[in-house]
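Take a look at the letters that make up each chain.
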Amino acid sequence: MAHHTDQKVLPKREDRLRTCHAYGGTSCALVQESRGGCLVRSERSFTQVCNCQMSLALTMVTTIPDAVIIMHAPPGCGGSNVSMDLYVRNGLNARGEKKAPLIWFTSNLDEADVIAGGEEKLEATIVEADLRFRPRLIFVVSTCTPGIIGDDIDAVAGRVRSRVAATVVPLHCEGFKTRISATGYDAVYHGLARYVQLAPHDAQRLAEESSGQALLDERRKSRRVNVFNVYSIGRSDEVELARLLELIGLEARFYPNFARPEAFTELTEASLNVSICATHDDYFLTFLEERYGIPYLIDTMPIGIRNTGRWLRAVAARFGLEEQAERVIAAEEAELERALSDYRPPLAGKRVYLGGGEMRVAATAMLMHELGCEVVGFRAHHYDEFGDDLYLTAAQDRPGMEVNVATTQTFELANLIERAQPDLYLGHSGSNAWVAKLGVPTLPIFSAPQTYLGYLGVFEVARRAVRLTANRAFQEQLRRHTRQPYRESWYRNDPFAYITDGADGAGGRP
């Protein structure tokens, strides 16, 4: 069966998965409606702000060393790259690479280009970027404007191929095409699959000449696994997962973030591709299986005690290493329990609210429950079919747990937090500021310098949660001296009043 990567432009997630970007209700009802196909009608009658798939695509390609980014766009679309620079420098340093600035260009589209087309500008920008920096890869990020006027970035990449040393990788990231910003991950993987060499030349030849059987035989002897990382996973998380996999006899390599271009040619030499988060990787892992015969594993996120054990067992089972995995899990859990003994009492009964990525919030809900907290609700940026089993597990014994699906929509978050009055909120840095102004301590649901995954991540989250909930004087002062932008009447209203089934909903604004 042909993979989507055979097409020039990838499909949006709404067309290939059961997705949802607006929902308010309970975890169990969400899964039930998703499986019944009802969630496709979830809409909003009012949207405060939304996310763009381009921004998520940039969180991947900006981390790849020896690459240059070209924003085929008006100059404003590259604004977020400024904030990525420090993240990229620190990420390189943490992986033993020399700190280097993020290099990006813009084709600087203007009003005249909207009428006459911007392909000539893009062509000149690619040649200039290659001449100045001689990178291994040039990522061309297509945005809304060239998408609307019909610029063909793939044709431009083909025209300049003989004039540049770099491999030019077009990425179709037009924000207006999808409401599920995670499509941006697919856009990057689509470009990598179509334009980047993913196997040694001799391996490619073998795969073409003998249906990949020789490669399959060789890989079965290997205990190397590719672990697919994401922006929200720092180097300390990679070290923790590599440590656990090594304890059961496996070697881990991490892709695609911070992987050097030449390392991609070794990607197809692994025995197994392992996803940390289904939201990120299914598009690429299915491609690698179909094209190169490499099996993949998409299971839960290794966050919390139960999920880390489940993730390790699932990986080990693919290699017949179940006994080793059980020994490692038993030893790790025993040591963790001893380390948590001082942290469990102060966390017992603390009421917690969560917000973040689809899979991460559900796995974190299980983690906080394991620490003795009461999870009163969580909100995900979007929802799709990969969340079904995890959301049901997270809501086990708590079928009425509140769930909100919302890409940002801060007005809904403010209402939910004001009603719930939790002791702690775990969320993305952008939403945490708004919650802190409501007087609630906040803990980043990911932070690159700190461990969040594996058994060490459990300890780190517990330690930080105890510290934050011990003294909330700062947040109370913040609430007292800041003003929320919403009317008092909004906090008495239904937080999901603007979520509809597609028909016109309530009028007005919060």
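Residues numbered from 1 in each chain as written. Predicted model: local features only at pLDDT ≥ 70, side-chain atom pairs only at ≥ 80, totals over all residues. Heavy atoms only, no water.

What exactly am I supposed to notice about the pattern of salt bridges here?
Oppositely charged side chains are able to pair whenever their charged atoms sit close together. All chains considered together, the criterion is met by 38 salt bridges. For Asp186, the salt bridge identified is with Arg16, shortest N-O distance 3.0 Å. Taken as a pair, Asp186 in helix α9 (residues 183-195) and Arg16 in helix α1 (residues 13-16) lie far apart in primary sequence, 170 residues in all. For Arg179, the salt bridge goes to Glu43, with nearest N and O atoms at 2.4 Å. Taken together, the residues Arg179 in the loop between β6 (167-172) and α9 and Glu43 in strand β2 (residues 43-44) connect sequence positions 136 residues apart. Among the residues examined, Glu43 registers a relative accessible area of 24% and is labelled partly exposed. Three or more residues joined by partner-sharing salt bridges are found here, namely Arg13, Arg16, Asp186, Asp282 and Asp384. (Salt bridge = Lys/Arg side-chain N within 4 Å of Asp/Glu carboxyl O. Helix = DSSP H or I, 4+ residues; strand = E, 2+ residues; numbered from the N terminus. Buried < 20%, exposed > 50% of the residue type's maximum accessible area, 1.4 Å probe, protein only.)

Help me understand α9, please; the structure alone is not making it clear to me.
Note: α-helices contain 3.6 residues per turn, so residues at a spacing of three or four share the same orientation. The end-to-end C-alpha separation of α9 is 18 Å, in line with the 18 Å expected for 13 residues at 1.5 Å each. Of all the residues in α9, the buried ones are Thr183, Gly184, Tyr185, Asp186, Ala187, Val188, Tyr189, His190, Gly191, Leu192, Ala193 and Tyr195. (Expected span 1.5 Å × (residues − 1).)

Whenever I open this one, the confidence of the model for the protein confuses me. Can you help?
Of the residues in the protein, 93% have a pLDDT of 70 or more, and the chain-wide mean is 91. Counting interchain partners and residues more than four positions distant, the pLDDT-below-50 stretch residues 504-508 has 7 contacts. (pLDDT = per-residue confidence, 0-100. Contact = heavy atoms within 4.5 Å.)

Mind showing me how you'd approach the sheet that holds strand β10 (residues 296-297) here?
Strand pairing in a sheet takes place through backbone hydrogen bonds and is either antiparallel or parallel in direction. An order of β8-β7-β9-β10 is seen for the 4 strands of this open sheet, with the pairing classed as parallel. What marks the edges here is a single partner per strand, and that holds for β8 (251-255) and β10. Both strand β9 (residues 272-275) and β10 contribute to a ladder of 2 bridges, which runs parallel. Bridged to Val274 within β10 is Leu297. In the packing of helix α12 (residues 235-247) onto the sheet, contacts are made with β7 (224-228) and β8, and the angle to β8 comes to roughly 150°. Packed onto the sheet, helix α14 (residues 305-317) meets β9 and β10 and runs at close to 165° relative to β9. (Pairing = 2+ DSSP bridges. Axes fitted to C-alpha atoms, helices over the stretch in contact; angles between N-to-C directions.)

Explain the environment of Tyr195 to me, please; I cannot follow it from the model alone.
By the secondary structure assignment, Tyr195 is in helix α9. Residue class for Tyr195 comes out buried when judged on its relative accessible area of 19%. Remark: the alpha-carbon pair of Tyr195 and Gln53, spanning 142 residues in sequence, is separated by 20 Å. When near neighbours in sequence (up to four residues on either side) are disregarded, Tyr195 contacts Asp154, Arg161, Thr167, Val168, Val169 and Pro170. At 2.6 Å, the side chain of Tyr195 and the side chain of Asp154 are in polar contact. (Polar contact = N/O pair within 3.5 Å; in protein donor to acceptor, adjacent residues only side chain to side chain.)

Just checking my understanding: could you explain the environment of Gly24 for this structure?
Along the chain, Gly24 falls in strand β1 (residues 22-26). When the C-alpha positions of Gly24 and Leu413 are compared, they lie 11 Å apart, and in sequence the two are 389 residues distant. The residues contacting Gly24, other than those within four sequence positions of it, are Val403, Phe496 and Ile499.

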